[in-house]
Amino acid sequence: MVKHLLLCYRRMFKLNKKRKIICKVSILQKYVKSLWNQIVGCCIGKSIKYRKLSRQHSSSTTTTAAPPSSPSGGAVPDGGFNGKCYCDHSKESLEDLVALKICLLGDNQIGKTSFMTKYVGKEKGEESFSTTGLNQMDKILCVKGARISYSIWEVQGDVSASTQIPIACKDSVAMLFMFDLTSRCTLKSVISWYQQARQWNQTAIPVMIGTKFDDFVQLPLDMQWTIASQARAYAKALNATLFFSSATYNINVNKIFKFITAKLFNLPWTLERNLTIGEPIIDF
């Protein structure tokens, strides 16, 4: 009887010891997995937390503004994601910051800098700086607690553009090909800008942007129709989404970057097509 009790005790002791070992191994595996996720997140430039963002159902930028007035006096909604932003800036760190690059290309004097400054904002945006002739600004968005840092690079439309294009286009997730809606020669230049840019980047999202819409609507309707038709034809040839915008009245400026964000991360946001002459056209 005593031998039997001793045998049972030894079995229970071994069983408890085995359970403790299994428990410790399980804890160690969870720790190693967590550490590995952090290492992978740092290596690819995206945190594990953010790579799950596409499964969420709403997002927003950190800043919101009242709808701007249009040249005709009405309110022009700028569109956006549904839902609210939940981002605790007191806990900001580089771990959940996704750094993405966007480049702006087009001729001189078409409003690229005004467009970039309007989007970044004087209060929220960092001071611009120039490197090898390129203007660059940053904008941080907050999407469901994760943060996106857009680094926006403007290529100057002068003779130095040939050296600027490779620097600006490499690693960009989107390329914005801009032209002045009141200058048809700048629209024709879009094809050349596109061909040069694609030599350095084959995967970036192409977007065509017609600037100075507030001046464009002052043109005769038949001229507006001609320019709009040509711009739509160019956008179709480049397989690009077309936006008419105005930095002065903040028309479609924010909407363009919201479209890019939704496109990049497969976020549920519906872009409404607008082909009405006299209104800021959106075509895709």
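Keep in mind it's a predicted model, so treat the numbers as computed, not measured. Numbering of residues starts from 1 in every chain and runs along the sequence as written. The predicted nature of this model means local features are confined to residues of pLDDT at least 70 and side-chain atom pairs, given and counted, to a pLDDT of 80 or more, with totals for whole chains, interfaces and linings taken over all residues. Side-chain metrics in this entry use all non-hydrogen atoms of the structure; hydrogen atoms and water are not considered.

(A) Expanded view of the packing of helix 5 (residues 184-198) against helix 7 (residues 221-238). Here an angle of 0 to 180 degrees is reported between the N-to-C directions of two axes, which are lines fitted to C-alpha atoms, with helices fitted over the stretch in contact. The way it works is that DSSP assigns letters per residue, a run of H or I at least four long becomes a helix, a run of E at least two long becomes a strand, and they are numbered from the N terminus. Where helix 5 contacts helix 7, the two axes come as close as 11 Å, and the packing angle between them is 5°. Taken together, helix 5 and helix 7 sit at an angle that is classed as roughly parallel. Here Arg-184, Leu-187, Lys-188, Val-190, Ile-191 and Tyr-194 of helix 5 come into contact with helix 7, specifically with Thr-226, Ile-227, Gln-230, Ala-231, Tyr-234 and Leu-238. In this classification, the charged set is Asp, Glu, Lys and Arg, the nonpolar set is Ala, Val, Leu, Ile, Met, Phe, Trp, Tyr, Cys and Pro, and all remaining amino acids, among them Gly, are polar. Of the residues that constitute the contact of helix 5 with helix 7, the class distribution is eight nonpolar, two polar and two charged. Oblique is the label for any angle not under 35 degrees, not over 145, and not in the 65 to 115 range, which are roughly parallel, roughly antiparallel and roughly perpendicular in turn. Contacts were defined at the residue level, with two residues in contact if any of their heavy atoms lie within 4.5 Å.

(B) Examining a nonpolar patch on the surface more closely. The grouping of Leu-221, Trp-225 and Ile-277 at the surface amounts to a nonpolar patch, some 330 Å² of accessible area in total. Assignment of secondary structure puts Trp-225 in helix 7. Trp-225 gets classed as exposed once you look at its relative accessible area, which sits at 53%. Two distance rules govern patches: like charges are joined within 9 Å, and nonpolar side chains (Val, Leu, Ile, Met, Phe, Trp, Tyr) within 5 Å, applied only to residues with over 30% relative accessible area and no salt bridge. Residue-level accessible areas treat just the shown protein chains as cover; the underlying method is Shrake-Rupley with a 1.4 Å probe. Salt bridge, as applied in this entry: a Lys or Arg side-chain nitrogen positioned within 4 Å of an Asp or Glu carboxyl oxygen. For each residue, the accessible area found with a 1.4 Å probe, counting protein chains only, is set against the maximum for its type, and the residue is called buried under 20%, exposed over 50%, and partly exposed in between.

(C) The arrangement of the pairing of strand 7 (residues 241-244) in detail. The side-chain alternation of strand 7 yields two buried faces, one formed by Thr-241 and Phe-243 and the other by Leu-242 and Phe-244. Following DSSP output, two strands are said to pair if at least two bridges run between them. Across four bridges, strand 6 (residues 205-211) lies against strand 7 in parallel orientation. Each bridged residue has a counterpart across the sheet, and for Met-208 the counterpart in strand 7 is Leu-242.

(D) The nonpolar core, seen in detail. For our purposes a nonpolar core is just a set of buried Ala, Val, Leu, Ile, Met, Phe, Trp, Tyr and Cys residues, chained together by side-chain atoms within 4.5 Å. If you look at the biggest cluster of nonpolar residues, it comprises 34 residues, and the most contacted ones within it are Ile-102, Phe-115, Tyr-150, Ile-152, Leu-176, Val-207 and Ile-260. Going through the elements one at a time, strand 1 (97-105), helix 3 (112-120), strand 3 (134-143), strand 4 (146-154), strand 5 (172-180), strand 6 and helix 8 (253-265) are the ones with two or more residues in this core. At seven residues, helix 8 tops the list of elements feeding residues into this core. Non-local contacts of Ile-102, meaning those with residues more than four positions away in its chain, are made with Tyr-150, Ser-151, Ile-152, Trp-153, Ser-172, Val-173, Ala-174, Leu-176, Phe-257 and Ile-260. With 33 residues, the next largest nonpolar core counts Trp-153, Ala-231, Leu-238 and Leu-242 among its residues.

(E) Spotlight on unusual backbone geometry. With phi around 55°, Asn-250 is a residue other than glycine that occupies positive phi space. Tracing the backbone through its elements, the reader meets Asn-250 in the loop between strand 7 and helix 8. When its relative accessible area of 13% is taken as the criterion, Asn-250 is described as buried. Unlike most non-glycine residues, Asn-266 shows phi in positive territory, near 55°.

(F) Quick look at the environment of Val-253. Considering the arrangement of structural elements, one finds Val-253 in helix 8. On the basis of relative accessibility, which here comes to 0%, the residue Val-253 falls in the buried class. On a C-alpha basis, the gap between Val-253 and Phe-115 in space is 7.0 Å, while along the polypeptide they are 138 residues apart.

(G) Looking closely at the environment of Glu-279. Along the polypeptide, Glu-279 turns up in the loop between helix 8 and strand 8 (282-283). The spatial distance from the C-alpha of Glu-279 to the C-alpha of Phe-244 is 8.4 Å, given a sequence separation of 35 residues. Once residues within four sequence positions are removed from consideration, Glu-279 is found in contact with Phe-213, Phe-244 and Asn-274. Under this definition, polar contacts are N or O atom pairs within 3.5 Å; protein pairs additionally need one hydrogen-donor-capable and one acceptor-capable atom, and for neighbouring residues in sequence, both atoms have to be side-chain atoms. At 3.2 Å, the side chain of Glu-279 forms a polar contact with the side chain of Asn-274.

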